[in-house]
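# Structural description and commentary
Below are the chains, spelled out letter by letter.
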Amino acid sequence: MDAASVVSETYTEESDTAVYIDSKQAAWDPEKELLQSAVVGSIAKQCIRQGVFSRDDTRFQSIIERYGSKCPGLRADMVERRIEEFAKRSSNNNNVSLSAGLNSLGGDVMALPLSNEQDDAEEQSPSGCRSCFKSKCKENGGFNLLTYTFLLLFFAILMFIISIISTHMDYNRAPYRNWALAGGVTSTSAEFRVRGPLSDDNLRREFVVSPNSNLGIKKDQILNVPVSYTDFSNEEHFVKKLRLDSLEPLTTYYYAITWPQVVPNSVTVVDDNIGSFKTPAPEGSRMNFTVALGSCSLTGSRSQIFQSILELEPQLFINLGDFHYEDLVTLDVNERLEAYDKVMGSSSQRSLYMRTIFSYIWDDHDWLANNDDGSNIDAGNVAKQGYSLGIPHYNLGPIETQTSTDEGTAAKYQAFTIGTVRFIILDLRSESRKSTASYGGKVYSDEQKEWLFSELSQADNYDYVVLASSRPWTSPDKIGSDGWGGFVSDRDELSSFIASTIGAGPKNLFVISGDNHMVAFDDGSSTDYSSQSEFPGGFPLLHSGPLSNYGPGGAKNIFKSREHRFTEGCMAVSSELNYQFSTIEFDLPQDTAESGCLRIKGYKEGSSSDNIIFEKELCGEIMRDGSAEQDTCKMKSFTAPTAAMLLVALILTMVPGMLILYFLGRNRWVLALSYFGIGILFYGITIAASVVGALCFGERAKALDVSAVLLCQTAIGLAFVYIAIRRYCSSQYGKKDIAVPEKIAAVSGEDDSAKESVFALANDGFKNLEEKKQTEIEVQPNESEEIEVIL
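Residues numbered from 1 in each chain as written. Predicted model: local features only at pLDDT ≥ 70, side-chain atom pairs only at ≥ 80, totals over all residues. Heavy atoms only, no water.

What follows covers the overall build of the protein. Along the backbone of the protein there are 19 helices and 25 strands. The proportion of buried residues among the 791 residues of the protein is 55%. Considering only intrachain contacts with a sequence separation of at least 6, the fraction spanning at least 24 residues in the protein is 74%. Approximately 33600 Å² of the protein is accessible, and the part contributed by carbon and sulfur atoms is 52%. (Helix = DSSP H or I, 4+ residues; strand = E, 2+ residues; numbered from the N terminus. Buried < 20%, exposed > 50% of the residue type's maximum accessible area, 1.4 Å probe, protein only. Contact = heavy atoms within 4.5 Å. Areas by Shrake-Rupley, 256 points an atom, 1.4 Å probe, with all protein chains shown as cover.)

This is the structure we're talking about:
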């Protein structure tokens, strides 16, 4: 007898799961053996659930006879031994439920447990829990539902970390003190604010102003003020308020905080912060110049959009509100100043504000808090004091009209002239009161209204009048609205006055506005609320911003589009960060007989011609008849790349469940639903992680970053599930791909012939048990929940 004919005599009666292969017969068919083992296990479980534990029970014989007709090779001792094995296993597991921990056909290690009961012994033993956890992670070669969950958790944590790092890099949150600002600039004068050091470092500092870019040349210095720690009084709150009244028109001046001279005619500028500005022509003299404007910048944004504005060399920059988003309702003026410190801590913002004539009026977030009016008197007075201390400005209207003598607590409306263009800056927060069902509201005080009407009545003296409104003018009528639509009476009255004065006269009014988080333009069609047709009452309106913020409504508008009233507008996306600003170029010929022109441009994410998203030229008389029928535009929620990535990622979360149903059969719907549910859950968790990471710095998450991480997460998750399915099929079915699951799925239906073919396969496996002189090969018990249902 050759070696190949030698057979093992190690046959044992301990388990019917030992498969015996005659070395002279055909190769072992694992498919038949798996089905045979599943049938025996399922019959044993049926017996246990009916309280049948031995062949002495009459019901036991009836069960064997019932299934014996389909599987002639089935013997009572096989089922009895399997019942004993279950009993031993139950005893070892401290009487845990018999169904707990059983796997479905082929040892489906990706499936959820068949029972939610826990092993009490393992619960009491930390080492047992660790061992169980490790074994679960190793199932199916490490590709299973548990490890799939950990994979998605990894991406959520990664998103959180990316969000924190990105926010930290994109925003400054630390107060910065070595800054200075120039504002209130006329042809012969300028105001300065100089911030002192945080602590006494025993270092001397000087604030220097000179027409020479080399600030170290003493003879050219027109201002030199010590600004060391000890040079500030308590009342100054470490801010020097300085003014020069002997400047030359059309001259560039430089200023900086410097260290003391070591080398003659040379100084070292603190942090290289050199500011500059150019004085305008004398009032009444025509000149060409550019004004840049924007609003709504998240606190301390380091966006390069500010550098892009500076590249266009505007003479004046007007910030139309929401200079920061600190939402300070405080009685501590130092907190108000610290908010400015955080903004100036951004080098890109600091460069822009220090190298232009800086003009600024607040809106809600930098006044007190979101949509706040002036009803909080105490906190409002502190906000006014902080503005007067930290912001250089033009002469305030209340001081000029002598309706107030205290600059610190006076409202901040102001007006100034550059050449032949008059700028009127309204304060629509500190004196406002919201409308209610019984009260129409007030957007400004009677004193400010009188001052405004006086300014507008002098429009004949200028080529153009530019009116700055921090609140949106064209908002719909609504009680309590934060725009002018919440102050219907005041808007109608002002609109009628504009129509009867400027509309009946020079028709040269141009309105600029912020707060609405987008670049938008209306030619006058939607701006006339005068309810008269005698004179043109519609004026061109330019909304500018956001410098660094979400579009209108932010993430709240993901699933709906908001309508806005502009002839050309909605040039932003609501649920992503936008970086936008506008410029107005005033082209005014020296020949006063010729009409001047305004060239308006809107920019997005840069200052090149490719970044222009809107362009318009207006010449001569620029007002027109308005209409009650207002134009509207709708805003997109996302840019095309972000929307595509979010959509693809969402679709990919559904594919793993579909793959499981396709390869493993529809009867695995619970498993498919588990993978689908986990995918959708972590889709949301990853988004939440990005939001929480950004909120650690009080800022907003980047939708583009989130969509990119989600796309990677779902794509890798899909690949993971596909590998898991392939590993499962190849390991459990002898690399016969997916034949067995398809057969089991087939017998779940009504096709009797399909059922009989499966039982025939199982019966062939039973016959193998009767063969003698065979080799022993151990396989694991393998019960199928599907066969159990059929049986």
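Right, let's talk about the packing of aromatic side chains for a bit. Taken as a whole and assessed by the stated rule, the structure comprises 40 aromatic pairs. Considering the side-chain rings of Phe 207 and Tyr 255, the 6.0 Å spacing of their centres and the 55° angle between planes classify their relative orientation as tilted. With Phe 207 in strand S4 (residues 206-210) and Tyr 255 in strand S7 (residues 252-258), this pair connects stretches of sequence that are 48 residues apart. Across the pair, exposure class does not vary: Phe 207 and Tyr 255 are buried alike. Between Tyr 394 and Phe 416, the ring centres sit 3.9 Å apart and the planes meet at 10°, which makes this aromatic pair stacked. (Phe/Tyr/Trp six-rings, centres within 6.5 Å; stacked < 30°, edge-to-face > 60°.)

It is worth spelling out the sheet that holds S7 at this point. Spatially, the four strands line up as an open sheet ordered S5-S4-S7-S8, and their pairing is antiparallel. The sheet is open, and its two borders are formed by strand S5 (223-226) and strand S8 (275-278), each paired with just one other strand. The sheet shows a mean angle of 15° between the axes of neighbouring strands, taken without regard to direction. Where S7 meets S8, four bridges bridge the pair, whose relative direction is antiparallel. (Pairing = 2+ DSSP bridges. Axes fitted to C-alpha atoms, helices over the stretch in contact; angles between N-to-C directions.)

A cluster of nonpolar side chains, contributed by Phe 133, Phe 150, Leu 153, Ile 157, Ile 161, Ile 165 and Met 169, occupies part of the molecular surface with about 640 Å² of accessible area. Positionally, Phe 133 belongs in helix H5 (residues 126-138). (Patch = residues over 30% accessible without salt bridge, like charges linked within 9 Å, V, L, I, M, F, W, Y side chains within 5 Å. Salt bridge = Lys/Arg side-chain N within 4 Å of Asp/Glu carboxyl O.)

Along strand S22 (residues 597-604), six of the eight residues are buried, which leaves the element largely enclosed by surrounding structure. Judged from the eight bridges that link them, strand S21 (residues 580-587) and S22 form a sheet pairing that is antiparallel. Bridge pairing in S22 links Ile 584 to Ile 600. In this structure, S22 lies alongside strand S23 (residues 612-619), joined through seven bridges in antiparallel fashion. From the neighbouring strand, Gly 602 faces S23, where its bridge partner is Phe 614.

Attention shifts here to the pattern of salt bridges. Enumeration over the complete set of coordinates arrives at 28 salt bridges. A salt bridge links Glu 326 to Arg 173, with the shortest nitrogen-to-oxygen separation between them at 3.1 Å. Within this pair, whereas Glu 326 is found in the loop between strand S10 (316-319) and helix H8 (333-344), its partner Arg 173 is found in the loop between helix H6 (145-170) and strand S2 (180-183), the two being separated by 153 residues in sequence. Judged by its relative accessible area of 17%, Glu 326 is buried.

Note that Gln 580 resides in strand S21. Assessed through its relative accessible area of 1%, Gln 580 is described here as buried. At 3.1 Å, the side chain of Gln 580 and the backbone nitrogen of Val 519 are in polar contact. In this structure the side chain of Gln 580 is engaged in a polar contact, spanning 2.3 Å, whose partner is the backbone oxygen of Met 571. (Polar contact = N/O pair within 3.5 Å; in protein donor to acceptor, adjacent residues only side chain to side chain.)

Before going further, it helps to spend a moment on the environment of Asp 77. Assignment of secondary structure puts Asp 77 in helix H3 (residues 76-92). Along the backbone, Asp 77 and Arg 55 are 22 residues apart, and their C-alpha atoms lie at a distance of 8.2 Å. Polar contacts involving the side chain of Asp 77 include one to the side chain of Arg 81, which spans 2.7 Å.

Moving on, we get to the nonpolar core. The biggest cluster of nonpolar side chains holds 95 residues, and the ones touching the most others in it are Phe 192, Phe 207, Phe 277, Tyr 353, Phe 423, Phe 510 and Phe 586. The residues touching Phe 277, leaving out its near neighbours within four places in the chain, are Ala 182, Val 185, Ala 190, Phe 192, Leu 247, Thr 251, Thr 252, Tyr 253, Tyr 255, Thr 356 and Ile 357. (Core = buried A, V, L, I, M, F, W, Y, C linked by side-chain atoms within 4.5 Å.)

Burial along strand S11 (residues 357-360) is two-sided: the face carrying Ile 357 and Ser 359 and the face carrying Phe 358 and Tyr 360 are both buried. Direction of pairing for S10 relative to S11: parallel, over a ladder of four bridges. Residue Ile 318 lies in a different strand from S11, and its bridge partner there is Ser 359.

A few words on the environment of Leu 428. Within the secondary structure, Leu 428 sits in the loop between strand S13 (421-425) and helix H12 (446-456). Along the chain, Leu 428 and Gly 483 lie 55 residues apart, while their C-alpha atoms are 9.9 Å from each other.

Quick look at the sheet that holds strand S16 (residues 520-522) now. Reading across from one edge, S12-S13-S14-S15-S17-S16 is the order of the six strands in this open sheet, with mixed pairing throughout. In the strand order of this sheet, the two ends are held by strand S12 (414-418) and S16, each with one partner. Mean inter-strand twist for the sheet, computed between neighbouring axes without regard to direction, equals 15°. Relative to strand S14 (residues 464-469), S13 runs parallel, the two being bridged by five bridges. Bridging across to S14, Phe 423 finds its partner in Val 466.

What follows is about helix H9 (residues 347-354). Of all eight residues making up H9, seven are buried, and the element is well covered by its neighbours. Ser 348, Gln 349, Arg 350, Ser 351, Leu 352, Tyr 353 and Met 354 are the residues of H9 that are buried.

Examined against the element boundaries, Ser 276 turns out to sit in strand S8. Setting aside anything within four residues of it in sequence, one finds Ser 276 in contact with Thr 252, Tyr 253, Tyr 254, Tyr 255, Met 354, Arg 355 and Thr 356.

A few words now on helix H14 (residues 640-664). One turn of the α-helix equals 3.6 residues, which is why residues spaced by three or four share an orientation. Along its 25 residues, H14 runs 37 Å from first to last C-alpha, staying within 8% of the 36 Å computed at 1.5 Å per residue. Helix geometry: H14 is bent most strongly at Val 655, by close to 25°, with proline Pro 656 lying one to four residues after it. When we look at burial in H14, the residues that qualify are Thr 642, Met 645, Leu 646, Ala 649, Leu 652, Thr 653, Pro 656, Gly 657, Leu 659, Ile 660, Phe 663 and Leu 664. (Expected span 1.5 Å × (residues − 1). Bend = angle between axes of the 7 residues up to and from the residue.)

In this section: the state of the cysteines. Taken as a whole, this structure holds one disulfide when the rule is applied. The disulfide partner of Cys 597 is Cys 619, and the gap between their sulfur atoms is 2.0 Å. The sign of the 110° torsion about the S-S bond sets the Cys 597-Cys 619 disulfide as right-handed. Here Cys 619 lies in strand S23 and Cys 597 lies in strand S22, a separation of 22 residues in the sequence. Taking the relative accessible area as the measure of exposure, Cys 619 reaches 36% and is therefore partly exposed. (Disulfide = S-S within 2.5 Å.)

Our next topic: unusual backbone geometry. Cis geometry marks the peptide bond from Gly 545 to Pro 546, where omega comes out at -5°. Mapped onto the secondary structure, Pro 546 falls in the loop between strand S17 (541-543) and strand S18 (549-550). At Asn 140, a position not held by glycine, the phi torsion is positive, near 55°. Summarising the element assignment, Asn 140 is placed in the loop between H5 and H6. The residue Asn 202 is not glycine, and still its phi comes out positive at about 60°. For Asn 202, the position within the fold is in the loop between strand S3 (190-195) and S4. The exposed category is assigned to Asn 202, whose relative accessible area is 70%.

Two elements in contact, H14 and helix H15 (residues 669-695), have axes separated by 8 Å at closest approach and are oriented at 165°. One finds that H14 runs roughly antiparallel with respect to H15. H15 is crossed by H14, and the crossing has right-handed handedness. Side by side, H14 and H15 meet where Leu 646, Ala 649, Leu 650, Thr 653, Met 654, Pro 656, Gly 657, Ile 660, Leu 661 and Leu 664 of the first sit next to Trp 669, Leu 671, Ala 672, Tyr 675, Phe 676, Gly 679, Ile 680 and Tyr 683 of the second. Residue composition of the contact of H14 with H15, grouped by class: 15 nonpolar, three polar and no charged. (Parallel < 35°, antiparallel > 145°, perpendicular 65-115°, else oblique. Left-handed = near helix turned anticlockwise from the far one by under 90°. Nonpolar A, V, L, I, M, F, W, Y, C, P; charged D, E, K, R; others polar.)

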